[in-house]
Amino acid sequence: MSSNIRLIYSICPFCGAGCGFYLVVRDGVVIGVERIFDHPVSVGVLCPKGAYAWKLIRHPDRLTTPLKRTERGFKPISWREAIRLIADRIKELRRDDPDSMYFLASAKCTNEENYLVQKIARTIAGTNNVDHCARLCHAPTVAALARSLGSAAMTNPMNDVANAKTLFIIGYNPAETHPAIFRFVSEAKKKYAVPIRRLLLSRYAYTPSETEFRMIVADPRKTMTALQSDIHLQHKPGTDSYLLNAMIKIIIDHDLVDKKFVEERTEGYELLVKSLRRFDLEYASRITGVPLKLIEEAAIIYASNKPSTIYYGMGITQHRNGTSLVQALVNLALITGNIGRPGAGICPARGQNNVQGACDMAALPDFFPGYRKINPDTAKTMKELWGLEVPDKRGLFSTEMWNEALVGKIKFLYIMGENPLISEPGYYRIVRALKRIDFVVVQDIFLTENAKYADLILPAALWAEKTGTMTNTERRVQLIEKAVDPPGEAKSDLEILLMLLKELEAPFQYSGPSEVFEEIRRVIPTYKGITYERLKKNRYGIQWPCPSEDHPGTPILHTEKFPTPNGKAKIIPVRPEATVAQTGDYPFILISGRRITHYNTGTMTRRILELLLTEGSSYLYISPEDATQLGLSDEDIVELETPYGREKIPIRITPEVPKGVLFVPNHFIDPPVNAFTGDIIDYESGIPEYKGVPARIIK
Ligand SMILES: Nc1nc2c(c(=O)[nH]1)N[C@H]1C(S)=C(S)[C@@H](COP(=O)(O)OP(=O)(O)OC[C@H]3O[C@@H](n4cnc5c(=O)[nH]c(N)nc54)[C@H](O)[C@@H]3O)O[C@H]1N2
Ligand SMILES: Nc1nc2c(c(=O)[nH]1)N[C@H]1C(S)=C(S)[C@@H](COP(=O)(O)OP(=O)(O)OC[C@H]3O[C@@H](n4cnc5c(=O)[nH]c(N)nc54)[C@H](O)[C@@H]3O)O[C@H]1N2
Ligand code: SF4
Ligand SMILES: [Mo]
């Protein structure tokens, strides 16, 4: 390599797996990526999104200057003017009506940036109204795991899949959404694979022995993940509480409960047993559409072919009972003792590159940093730590905020690195809400759909252009350092926030990201032992909790006791409830979700030609049976109607979806998928009901 080429360590800006790679920089320009073979996550492989992420860096669509809305469109303004406009609004509203301000932080940004946003909201603006896309994603995980296990994170690292004998994957399609995690699954399968000769020699259908690796997948669709499973529980969307309670009852009835673990490390088991006394397994089988024998087989394997690990995703959380469903999974893991050792864990696979970190930093309206649930006591703790007053009542969930905005109660919305117009539920409602809010700031790398409704647009630097830490789904904190300069006048989110702090004459100021991180270490106990110096030496990161500078980090949580007040985990019974029903008016159930080459609202992946070539637009996926019955063929354009909206969309016929179920990817804007969703949310966590909307097709 010639001497003007540098390799700079970086992490993928897309999913929460946190794959590492080198950016290849020549003369200040990124010209590609180099794989890292000993990186614990990527192990020398990148999925298509990671491999092409670098193409965003010099993309011609990048925002390069602050823009202000005028009567004749957006007009470039100076940073000074832009920052003053924001500061003036904040100063004005904090006097009169702090809770009319709202801050959306970003799981795309660093820990330091998220920490600063929430601190500004709480101490300067004087409101706990701060949230980010975790609300639309793993908010039920944060609520349920923090309550019952004392810690809202994946318990085991992803390579630990190799230690599991049974892997139970529910409502999660890692083959497309976390290819890096799925690689460990494929490895585990290979390791335990039945020698093909034995298969050929067995005269009858082969029955695996008790000690072999088994993969159970529960998903209404025949996903790429489900195709690899030993048992596929293809239940109806919205019936998971029946499925999981049935598994629990079967485990209790078959005396497969780990009594020692339940006795020593949990509380509430008796209530669970009582709650299921009259639970009807036959009925559960009917309502889920899964044969009872198959549910039985899955339950017995999970409880006896141990250690077993659970992985779950949006098929569990994005329901009106999302928090209960996560609790049901916790119950399943606890009664079988499948937690706190290698191969045994409960793993909420976090979506965005830094959504774990954004939650740890408390870009959340109901927690202070360090998962301190907001109340007068924790507000006092924060006052001691920060030396500043903070409000002691929780703020609004982002999903609650829109309705408040519609009635004029939100006057200021600061959006750092999100595209809520496309991602939040109920597209038409969000359009109206955005129009109603007096002052909307959008800080992004591209002109998003949402930015078109902004009063002020700020050009942000992207990941390769800044320094800071990110925390992946297995709690691995990694440091990235600026590799190249941002385009035009774009600045890192941190620099923008620091300018705002100066303009606001805030009593706290920082010289840069490392100083913010020093404060994070002081405020958030699980980050205490992690320093920039250590992260520069340990490029591939340190897993929290890391209580001191000589502590190596913690790959597996809860090995001895749970971080709850009495050290025990809570088992809490979950009420069975089918959350969507097909009716005469709406004979279909619509679900939305992900495809491998695109990412969330698509602002990034729809700008990468290589990815667009594999998939360029939205389709309504429908089963061959339903298509035949409706006389539809591929590419026909239909109108899809739900109680919330009606839009034209082309169809694609696939056996991936079962009869009665429809699927739309959430990456495209024509039509926006959330034109079909509404404002039903889980009251405990505020997550919207994205999965499972009644629908009908009009030809
Ligand atoms: N390629 C790609 N990767 C991504 C993303 C992306 O946009 N594209 N986004 C990232 C983010 S932010 C996230 S949160 C993760 C999400 O990762 P996943 O959780 O894997 O994402 P989804 O595809 O939304 O949903 C998972 C599965 O839930 C199933 N499902 C639907 N309804 C139900 C139900 O009622 N019960 C059950 N059990 N299952 C159901 C769907 O069929 C789908 O296969 O992916 C991350 N990785
Ligand atoms: N119907 C339906 N809706 C869904 C879902 C679903 O399954 N179905 N899934 C939900 C889930 S799980 C999630 S997580 C949300 C995601 O919702 P969003 O977070 O709104 O979606 P993204 O497309 O990831 O938006 C991230 C934005 O950050 C910008 N960005 C990237 N890097 C930076 C940076 O360094 N600085 C700044 N300032 N900006 C940056 C990108 O350009 C992009 O506009 O969508 C939710 N919406
Ligand atoms: S698996 Fe996730 S982190 Fe790894 S390259 Fe793909 S999108 Fe990036
Ligand atoms: Mo997500």
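Residues numbered from 1 in each chain as written. Chains lettered and ligands numbered in written order. Predicted model: local features only at pLDDT ≥ 70, side-chain atom pairs only at ≥ 80, totals over all residues. Heavy atoms only, no water.

**Here we look at the nonpolar core**
Inference 1: The biggest cluster of nonpolar side chains holds 62 residues, and the ones touching the most others in it are Ile-86, Ile-90, Phe-103 and Tyr-414.
Inference 2: With residues near it in sequence (within four places) discarded, Ile-90 still touches Met-101, Phe-103, Ile-124, Ala-125, Phe-412, Leu-500 and Leu-504.
Inference 3: Grouped together as the second largest cluster of nonpolar side chains are 55 residues, Ala-17, Cys-19, Ile-36 and Ala-483 included. (Core = buried A, V, L, I, M, F, W, Y, C linked by side-chain atoms within 4.5 Å. Buried < 20%, exposed > 50% of the residue type's maximum accessible area, 1.4 Å probe, protein only. Contact = heavy atoms within 4.5 Å.)

**Brief notes about the site of ligand 1**
Inference 1: Close contacts around ligand 1 come from 34 residues, with Thr-177, Asp-219, Asp-240, His-598 and Asn-600 the closest.
Inference 2: The contact in question runs from a nitrogen atom of ligand 1 to an N or O atom on the backbone of Thr-177, over 2.7 Å.
Inference 3: At 2.9 Å, a side-chain N or O of Lys-691 approaches an oxygen atom of ligand 1.
Inference 4: Surface burial for ligand 1 is 99%, taken as the share of its 910 Å² of free accessible area covered by protein chains.
Inference 5: At the level of secondary structure, the elements contributing two or more residues to the shell around ligand 1 comprise α5 (174-177), α13 (314-317) and β23 (588-593).
Inference 6: Residues of the shell around ligand 1, tallied by class, amount to eleven nonpolar, 15 polar and eight charged.
Inference 7: Here the shell around ligand 1 spans two domains, and each of domain 3 (155-348) and domain 4 (588-698) adds at least three residues to it. (Near = heavy atom within 4 Å. Polar contact = N/O pair within 3.5 Å; in protein donor to acceptor, adjacent residues only side chain to side chain. Areas by Shrake-Rupley, 256 points an atom, 1.4 Å probe, with all protein chains shown as cover. Helix = DSSP H or I, 4+ residues; strand = E, 2+ residues; numbered from the N terminus. Nonpolar A, V, L, I, M, F, W, Y, C, P; charged D, E, K, R; others polar. Domains from an automatic or database assignment.)

**Remarks on the pattern of salt bridges**
Inference 1: A complete count under the given rule lists 34 salt bridges for this structure.
Inference 2: Residue Glu-404 is joined to Lys-409 by a salt bridge in which the shortest nitrogen-to-oxygen separation is 3.8 Å.
Inference 3: Several salt bridges converge on common partners, so that one network encompasses Asp-131, Arg-135, Asp-366 and Lys-373. (Salt bridge = Lys/Arg side-chain N within 4 Å of Asp/Glu carboxyl O.)

**Side note on helix α4 (residues 139-148)**
Each α-helix winds once per 3.6 residues, and so residues spaced three or four apart point in a common direction.
Inference 1: The buried count for α4 comes to seven of ten residues, which makes it a mostly enclosed element.
Inference 2: Along α4, the residues that are buried comprise Ala-139, Pro-140, Thr-141, Val-142, Ala-144, Leu-145 and Ser-148.
Inference 3: Positive phi shows up at Gly-150, right after α4, with a value of about 85 degrees.

**A word on empty space enclosed by the protein**
Inference 1: Inspection of every chain in the model, using the stated rule, returns three cavities of 30 Å³ or more.
Inference 2: As for the second largest cavity, its lining consists of Arg-135, Ala-139, Val-142, Ala-143, Leu-364, Asp-366, Phe-367, Glu-684 and Ser-685.
Inference 3: The dominant element in the lining of the second largest cavity, judged by the number of residues it contributes, is α4, at three residues.
Inference 4: Across the lining of the second largest cavity, the residue classes break down as five nonpolar, one polar and three charged. (1 Å grid on protein atoms, 1.4 Å probe; cavity = no way out; pocket = protein on both sides within 12 Å on 5 of 7 lines; lining within 4 Å. Points joined across faces, edges and corners; volume = space filled by probe spheres on them.)

**So, the packing of aromatic side chains**
Inference 1: Counted by the stated rule, this structure contains 19 aromatic pairs.
Inference 2: Between Phe-367 and Tyr-371, the aromatic rings sit 5.9 Å apart at their centres with planes inclined by 75 degrees, giving edge-to-face as the arrangement. Across the pair, exposure class does not vary: Phe-367 and Tyr-371 are buried alike.
Inference 3: Taken together through their ring pairs, the aromatic side chains of Phe-103, Phe-412, Tyr-414 and Phe-439 make up a single cluster. (Phe/Tyr/Trp six-rings, centres within 6.5 Å; stacked < 30°, edge-to-face > 60°.)

**Digging into the domain arrangement of the protein chain**
Inference 1: Segmentation of the protein chain into domains returns domain 1 (5-56), domain 2 (67-135 + 353-525), domain 3 (155-348) and domain 4 (588-698).
Inference 2: If you average the C-alpha positions of domain 2 and of domain 3, the two centres end up 38 Å apart.
Inference 3: Taken over both partners, the interface formed by domain 2 and domain 3 buries close to 350 Å², and the fraction arising from carbon and sulfur atoms is 48%.
Inference 4: Together, Thr-473, Glu-474 and Arg-475 form the three largest contributors to the area buried by domain 2 at its contact with domain 3, with a combined 93%.
Inference 5: Along the contact surface separating domain 2 from domain 3 lie zero salt bridges.
Inference 6: Remark: the boundary between domain 2 and domain 3 carries two residue pairs in polar contact (both at pLDDT 80 or more). (Buried area = accessible area lost by both parts, 1.4 Å probe.)

**Points about the sheet that holds strand β3 (residues 29-35)**
Inference 1: Taking strand neighbours across the sheet as the criterion, the three strands line up as β1-β2-β3 in an open arrangement whose pairing is antiparallel. Each edge of the sheet is formed by a strand with only one pairing partner; in this case those strands are β1 (5-11) and β3. Going from strand to strand, the sheet's axes swing by 35 degrees on average, the running direction of each strand aside.
Inference 2: As paired strands, strand β2 (residues 20-26) and β3 are joined by six bridges and run antiparallel to one another. Each residue of the ladder has a partner; that of Val-24, found in β3, is Gly-32. (Pairing = 2+ DSSP bridges. Axes fitted to C-alpha atoms, helices over the stretch in contact; angles between N-to-C directions.)

**Topic: the site of ligand 2**
Inference 1: Around ligand 2, the surrounding shell holds 32 residues, and the nearest of these are Ser-423, Asp-444, Asp-493, Thr-601 and Asn-674.
Inference 2: A distance of 2.8 Å is found between a nitrogen atom of ligand 2 and a side-chain nitrogen or oxygen belonging to Asp-493.
Inference 3: A distance of 3.0 Å is found between a nitrogen atom of ligand 2 and a side-chain nitrogen or oxygen belonging to Arg-594.
Inference 4: Starting from 920 Å² of accessible surface for ligand 2 in isolation, the protein chains cover 98%.
Inference 5: The residue inventory of the shell around ligand 2, partitioned by class, reads twelve nonpolar, 13 polar and seven charged.

**Some words on the sheet that holds strand β21 (residues 542-543)**
Inference 1: Spatially, three strands are ordered β19-β20-β21 in an open sheet, and the strand pairing comes out antiparallel. With partners counted over all chains shown, the strands left at the sheet margins are β19 (468-471) and β21, one partner each.
Inference 2: Bridge count for strand β20 (residues 476-480) against β21 is two bridges, and the pairing is antiparallel. Opposite Arg-476, over in β21, you have Gln-543 as the bridge partner.
Inference 3: Lying over the sheet, helix α3 (residues 111-125) contacts β19 and β20, oriented at roughly 90 degrees with respect to β19.

**Overview of the layout of surface pockets**
Gaps between atoms show up when a probe of the same size as a water molecule is rolled over them.
Inference 1: Approximately 700 Å³ is the volume found for the largest pocket.
Inference 2: What lines the largest pocket is a set of 31 residues, and nearest its centre among them are Gly-150, Ser-151, Ala-152, Pro-563 and Thr-564.
Inference 3: Contributing elements (two or more residues each) for the lining of the largest pocket: α4 and β15 (372-373).
Inference 4: Looking at the lining of the largest pocket, its residues break down into 14 nonpolar, nine polar and eight charged.

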